[in-house]
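# Descriptive analysis of the structure
Below, each chain spelled out in residue letters.
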2 protein chains.
Amino acid sequence: MEGGQLKSIEASQSLAERLFVTLRGEIVEGQIAAGSKISEPELARRFNASRGSLREALMRLESLGLLERRVNVGARVVDLTERGLLDLYEVREALEGMACRLAAQYHTKEDLVELRQMLARHEQQEELQAGKAYFQPEGDFDFHFRIVQASKNDLLIDTLCNRLYYRVRMYRYQLGMASPRAQRAFREHGHIIEAIEAGDGELAELLMRRHIRASRHNIEKKLTTET
Amino acid sequence: MEGGQLKSIEASQSLAERLFVTLRGEIVEGQIAAGSKISEPELARRFNASRGSLREALMRLESLGLLERRVNVGARVVDLTERGLLDLYEVREALEGMACRLAAQYHTKEDLVELRQMLARHEQQEELQAGKAYFQPEGDFDFHFRIVQASKNDLLIDTLCNRLYYRVRMYRYQLGMASPRAQRAFREHGHIIEAIEAGDGELAELLMRRHIRASRHNIEKKLTTET
DNA sequence: TTCCGCTGGATTGTCAACAATTACCCGTTG
DNA sequence: CAACGGGTAATTGTTGACAATCCAGCGGAA
């Protein structure tokens, strides 16, 4: 139980905020195991913080869906279930599909420039790594992230980028869904950007939904063969 | 500034939870004005609670998207903007469309029974009121609520029923979008249920998305003519 | 042996006081 | 007269202590 390291988070903001960011990272990356119980006194001692500040961080984590709290019982890290992962993909299909439709309509020139630059970077990276690890790094996140930003719908952006994506990352880190769909996913990204550039919202939505559904089916297959 | 009434909320649970529910109601119904600043000491005095418990309630309200908090400045009730309302409808179109698709696939017999009973009740109500006020009461909420429940996707259910719907209700209460689409909306509800019963997820999604988009266009028109 | 109730320990919920930051008011100055 | 700066008051962030609740282990009775 080593001492907490929350110095490098940027010293500004409030203590509760820093605790929140630190704990979020540890939960996403599995340093705090999924399904494990959270002890408020223990964590408070570890970070040299009071229980009050820690509780504030815990409540934010609960609202992110990374913790479950029951009154007079305490908080537990959510556990990762096959069903939860598939549920997540269904919601993403709906929301990111809509994000694409809106992005095709409302994107700015800067959005397109950044999307194309990103795609170019990913292409280099892919050639280097021979289509092996496109999905693991944050590359895939970058793509989906940027698309959502281009939708210009603040509620959609908040829901996906500040809420669901942490859960997505948690599943990826811990269940480690390294996809064999690397090159294919890359090409699909390109087609989605083209549709957005052409202003064809209907096509952009369709392509994104297929893209996500393909990932989902891939995972489904993996899970059924493994178990 | 009358004394707080949080006695009738069910005395169980925790104090912070009761404060949360009470304040949520007052914000949704506009008794606490949209855009107004929240004073922690004042509210704490009003409910005879400590600031700590109140702050917990405020943070839950923030995670619901009903409050905005800035560090060392305080909390404000979100203000209702035309853009925010339209954003909300776009997200609902995506999510409830998916909910219908899933409901068509995973609904139970009990789901269908309840949906049909509800539709029957709404029909009576509509005949009584001569198609005037189908939308105002919670009737429309009941419908959308039950559909989402039938999707069996816990993340989707939580996102819509525990997060977005309070914002929807806030807009309805305060901007008072009494719809002239009463009978038409009612018929659309019927068609959606039929599609779900037939197990046609694609059609159910399509119909729900049209249904919500029609509401959205209706509001858009109203807003442009009024201003 | 198995089930039930009880007691001790620990954990969570709640509170009131302290420290740090911000907002407001007012006098000064260009 | 308007803009800037200092000082005070109020608000927020944080802490440690108190009260209520839950959990584990033990002992007794059927």
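Above this note sits the structure.
Structural notes, computed from the coordinates. (Residues numbered from 1 in each chain as written. Chains lettered and ligands numbered in written order. Predicted model: local features only at pLDDT ≥ 70, side-chain atom pairs only at ≥ 80, totals over all residues. Heavy atoms only, no water.)

### Thoughts on the state of the cysteines
Residues and elements named next belong to chain A. Basically, it comes down to this: Any two cysteine sulfur atoms lying within 2.5 Å of each other are counted as a disulfide. Here the term buried applies to any residue with accessible area under 20% of the maximum for its type, exposed to any over 50%, and partly exposed to those in between, with areas from a 1.4 Å probe on protein chains only.
All chains considered together, the criterion is met by zero disulfides over all chains. Cysteine Cys161 remains unbridged, with the sulfur of Cys100 as its closest cysteine sulfur at 12 Å. Looking at Cys161, the relative accessible area reads 4%, which means it is buried.

### Overview of the pairing of strand 3 (residues 74-77) of chain A
Residue and element names in this part refer to chain A. What counts, and what does not: In this description a helix means any DSSP run of H or I spanning at least four residues, a strand means any run of E spanning at least two, and both kinds are numbered starting from the N terminus. A pair of strands counts as paired when DSSP detects no fewer than two bridges linking them.
Residue alternation in strand 3 divides its side chains into a buried set, Ala75 and Val77, and an unburied set, Gly74 and Arg76. Two elements, strand 1 (residues 37-38) and strand 3, share two bridges in a ladder whose sense is antiparallel. The residue bridging Ile38 from the neighbouring strand is Ala75, located in strand 3. Alignment of strand 2 (residues 67-70) against strand 3, held across four bridges, turns out to be antiparallel. The residue of strand 3 that forms the bridge with Leu67 is Val77.

### With respect to the protein's contact with DNA strand D
Our working rule: Proximity is defined per residue: any heavy atom of the residue falling within 4 Å of a molecule or strand makes that residue near it. A 3.5 Å cut-off defines polar contacts: any pair of N or O atoms within that distance qualifies, except that in protein one atom must be a possible hydrogen donor and the other a possible acceptor, and neighbouring residues in sequence count only when both atoms are side-chain atoms.
Around DNA strand D, a shell composed of 19 residues is seen, among which Leu15, Ser50 and Ser53 of chain A together with Arg51 and Arg55 of chain B lie nearest. What you see for DNA strand D is that sugar and phosphate hold 72% of its atoms within 4 Å of the protein. Take Asn72 of chain A: an N or O atom from its side chain is 3.4 Å from a sugar or linking oxygen of DNA strand D. In the environment of DNA strand D, a phosphate oxygen lies 3.4 Å from a nitrogen or oxygen atom belonging to the backbone of Glu40 of chain B.

### Focus: the layout of surface pockets
Here the idea is plain: a probe the size of a water molecule rolls over the atoms and shows the empty space left. Heads up, the rule is: Space inside and on the surface of the protein is sampled on a 1 Å grid over the protein atoms alone, with a cavity defined as a set of points where a 1.4 Å probe fits but cannot get out and a pocket as an open set with protein on both sides within 12 Å along at least 5 of 7 lines; lining residues have an atom within 4 Å of a point. Grid points are joined across faces, edges and corners, and a volume is the space filled by probe spheres set on the points. Residues are grouped as follows: Ala, Val, Leu, Ile, Met, Phe, Trp, Tyr, Cys and Pro are nonpolar; Asp, Glu, Lys and Arg are charged; all remaining types, including Gly, are polar.
Computed from the structure, the second largest pocket encloses a volume of approximately 440 Å³. Looking at the second largest pocket, it is lined by 14 residues, and the ones nearest its centre are Arg101, Glu205 and Arg209 of chain A together with Leu206 and Arg209 of chain B. Among the elements of the structure, helix 9 (201-226) of chain A together with helix 9 (201-226) of chain B are those that each provide at least two residues to the lining of the second largest pocket. Counting residues per element, the lining of the second largest pocket draws most heavily on helix 9 of chain A, which supplies seven residues. Residues belonging to the lining of the second largest pocket are distributed by class as follows: three nonpolar, no polar and eleven charged.

### Focus on the interface of chain B and chain A
Heads up, the condition is: Contact criterion: two residues are considered in contact whenever any of their non-hydrogen atoms come within 4.5 Å of each other. Reported buried area values correspond to the accessible surface (1.4 Å probe) lost by two parts on association, with both partners' losses combined. By definition here, a salt bridge exists when the distance from a side-chain nitrogen of Lys or Arg to a carboxyl oxygen of Asp or Glu is within 4 Å.
Contact residues are listed per partner, giving 31 residues for chain B and 31 residues for chain A. Contact between chain B and chain A buries roughly 2,700 Å² in total, counting both sides, with carbon and sulfur atoms accounting for 56%. The interface formed by chain B and chain A contains seven salt bridges. Residue Arg163 of chain A is joined to Asp158 of chain B by a salt bridge in which the shortest nitrogen-to-oxygen separation is 3.3 Å. Across the chain B-chain A interface, the total number found is 14 residue pairs in polar contact (both at pLDDT 80 or more). Residue contributions to the side of chain B that touches chain A peak at eleven residues, all from helix 4 (residues 82-106) of chain B. Counted by class, the side of chain B that touches chain A contains eleven nonpolar, five polar and 15 charged residues.

### Thoughts on the nonpolar core
Convention followed: By nonpolar core we mean a set of buried residues, namely Ala, Val, Leu, Ile, Met, Phe, Trp, Tyr and Cys, connected to one another through side-chain atoms within 4.5 Å.
Ranked by size, the top nonpolar core spans 82 residues in total, and within it Leu95 of chain A together with Leu95 of chain B carry the most contacts. Ranked by residue count, the leading element in this core is helix 4 (residues 82-106) of chain A, at 13 residues.

### Looking at the relation of the copies chain B and chain A
The operation relating the pair of chain copies consists of a rotation about an axis and a translation along that axis. Note the threshold: The least-squares superposition of copies is restricted to C-alpha atoms, and to residues with a pLDDT of at least 70 in both copies.
Of the transformation placing chain B onto chain A, the axial shift is 0.0 Å and the rotation is 180°, giving an RMSD of 0.0 Å. When the rotation and shift are considered jointly, the pair of chain copies conforms to a two-fold rotation axis. In terms of proximity to the rotation axis, the leading residue of chain B is Ala94 of chain B, whose C-alpha is 2.6 Å off the axis. A share of 100% of interface residues in chain B that are also interface residues in chain A marks the association as one of identical surfaces.

### Topic: the packing of helix 4 of chain A against helix 4 of chain B
Operational definition: Lines fitted to C-alpha atoms define the axes here, with helix axes fitted over just the stretch in contact, and angles between the N-to-C directions of these axes take values from 0 to 180 degrees. For this classification, under 35 degrees means roughly parallel, over 145 means roughly antiparallel, 65 to 115 means roughly perpendicular, and everything else is oblique. Note on convention: near helix rotated counterclockwise from far helix by under a right angle means a left-handed crossing. Clockwise means right-handed.
At their nearest, the axes of helix 4 of chain A and helix 4 of chain B sit 9 Å apart, and the two run at 140° to each other. Classified by the angle between their axes, helix 4 of chain A and helix 4 of chain B sit oblique to one another. At the point where helix 4 of chain A passes helix 4 of chain B, the crossing takes the right-handed sense. Facing Glu90, Val91, Glu93, Ala94, Leu95, Met98 and Leu102 of chain A of helix 4 of chain A, the residues of helix 4 of chain B in contact are Glu90, Val91, Glu93, Ala94, Leu95, Met98 and Leu102 of chain B. Here the contact of helix 4 of chain A with helix 4 of chain B is built from residues that sort into ten nonpolar, no polar and four charged.

### Points about the sheet that holds strand 1 of chain A
Residue and element names in this part refer to chain A. Spatial ordering of the open sheet is given by 1-3-2, a layout of three strands whose pairing is antiparallel. The open sheet has two free edges, formed respectively by strand 1 and strand 2, since each of these has just one partner strand. Its contacts with the sheet put helix 3 (residues 51-64) on strand 1 and strand 2, and the angle it makes with strand 2 is roughly 115°.

### Comments concerning the sheet that holds strand 2 (residues 67-70) of chain B
If you trace the three strands from one edge of the open sheet to the other, you get 1-3-2 (chain B), paired in antiparallel fashion. Sheet topology places strand 1 (37-38) and strand 2 of chain B at the edges, where each strand pairs with a single neighbour.

### A few points about the protein's contact with DNA strand C
Neighbouring DNA strand C are 18 residues, the closest being Pro41, Arg51 and Arg55 of chain A together with Leu15 and Ser53 of chain B. Interatomic distance of 3.5 Å between a backbone N/O atom of Glu40 of chain A and a phosphate oxygen of DNA strand C. At a separation of 3.5 Å, a sugar or linking oxygen of DNA strand C approaches a polar side-chain atom of Asn72 of chain B. Looking at the surface near DNA strand C, its residues break down into seven nonpolar, six polar and five charged.

By themselves, these observations are geometric and do not establish any function.
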